[in-house]
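Chain by chain, the residues run as shown.
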Amino acid sequence: MGLIYRSVTFFLLAGLCEIGGGYMIWIAIKEESPAWAGILGGLLLVVYGAIATLQPAGFGRTYAAHGDIFVIMALTWGWLVDKAKPDSYDLIGAATILVGTIIIFYAPHKII
């Protein structure tokens, strides 16, 4: 169970860095926020890349699972930060993706 909690923690930290970094670059360019916001966003994206390497699984599986978690976190970020409440299709899609993440990352895979 410790491995699962560790993986989930890394996914959440990586997701926050990726979404937060991307958002800071977004506002620096699209909303004309100060340049330091874009620079800080770039640094957060570098941290995101480093955090992802701490996962125990291989690159492909880690990034596939992270992509799924990213969708859910991005919808949540949009709801909390941009006040864009997810609709029922967003929630159904996110739930479907979550099931896929569990299968991809935690299922006992046979090594060929």
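Just so it is clear, the model here is predicted, and its values are computed rather than measured.

Enquirer: I would appreciate a short explanation of the overall build of the protein in the present structure.
Expert: A count of helices and strands for the protein gives 4 helices and 0 strands. Order of helices (α) and strands (β) in the protein, N terminus to C terminus: α-α-α-α. Structurally, the protein occupies a C-alpha span of about 50 × 35 × 25 Å along its principal axes. Across the 112 residues in the protein, those meeting the buried criterion constitute 28%. A total accessible area of about 7400 Å² is found for the protein, and carbon and sulfur atoms account for 74% of it. Taking the average location of the 6 positive side-chain charges in the protein and that of its 7 negative ones, the two points are 13 Å from each other.

Enquirer: Teacher, can you tell me more about the side chain of Thr-101 here?
Expert: Within the element layout of this structure, Thr-101 appears in helix α4 (residues 88-106). The exposure class of Thr-101 is buried, given its relative accessible area of 4%. Thr-101 has contacts with Ala-65, Asp-68, Ile-69 and Tyr-106, leaving out every residue within four places of it along the chain.

Enquirer: Looking at this model, I keep getting lost on the layout of surface pockets. Mind explaining?
Expert: The probe, sized like a water molecule, is rolled over the atoms to show the empty space still left. What the largest pocket holds in volume is close to 180 Å³. What lines the largest pocket is simply Val-8, Phe-11, Leu-12, Ile-69, Ile-72, Met-73, Leu-98, Thr-101, Ile-102 and Tyr-106. No other element matches the 4 residues that α4 contributes to the lining of the largest pocket. The residue makeup of the lining of the largest pocket, split by class, is 9 nonpolar, 1 polar and no charged.

Enquirer: What am I meant to see in the confidence of the model for the protein here?
Expert: Do not read the fine detail of predicted coordinates wherever pLDDT is low. Of the residues in the protein, 97% have a pLDDT of 70 or more, and the chain-wide mean is 87. Mean pLDDT values for the elements of the protein range from 85 in helix α3 (residues 59-80) up to 95 in helix α2 (residues 35-52).

Enquirer: Looking at this model, I keep getting lost on empty space enclosed by the protein. Mind explaining?
Expert: Across all of its chains, the model carries 1 cavity of 30 Å³ or more by this definition. The calculated volume of the largest cavity comes to roughly 40 Å³. In terms of residues, the lining of the largest cavity owes the most to one element, helix α1 (residues 2-30), which gives 3 residues. Residue classes in the lining of the largest cavity are distributed as 5 nonpolar, 3 polar and no charged.

Enquirer: Even after reading the chapter, I still don't get the environment of Ile-29, so can you show me in this structure?
Expert: Its location among the elements puts Ile-29 in helix α1. Here Ile-29 falls in the exposed class, since its relative accessible area comes to 64%. The spatial distance from the C-alpha of Ile-29 to the C-alpha of Ile-103 is 38 Å, given a sequence separation of 74 residues.

So, how was this worked out
- Residues numbered from 1 in each chain as written.
- Predicted model: local features only at pLDDT ≥ 70, side-chain atom pairs only at ≥ 80, totals over all residues.
- Heavy atoms only, no water.
- Helix = DSSP H or I, 4+ residues; strand = E, 2+ residues; numbered from the N terminus.
- Buried < 20%, exposed > 50% of the residue type's maximum accessible area, 1.4 Å probe, protein only.
- Areas by Shrake-Rupley, 256 points an atom, 1.4 Å probe, with all protein chains shown as cover.
- Lys, Arg positive; Asp, Glu negative; His and termini not counted.
- Charge placed at Lys NZ, Arg CZ, Asp CG, Glu CD.
- Contact = heavy atoms within 4.5 Å.
- 1 Å grid on protein atoms, 1.4 Å probe; cavity = no way out; pocket = protein on both sides within 12 Å on 5 of 7 lines; lining within 4 Å.
- Points joined across faces, edges and corners; volume = space filled by probe spheres on them.
- Nonpolar A, V, L, I, M, F, W, Y, C, P; charged D, E, K, R; others polar.
- pLDDT = per-residue confidence, 0-100.

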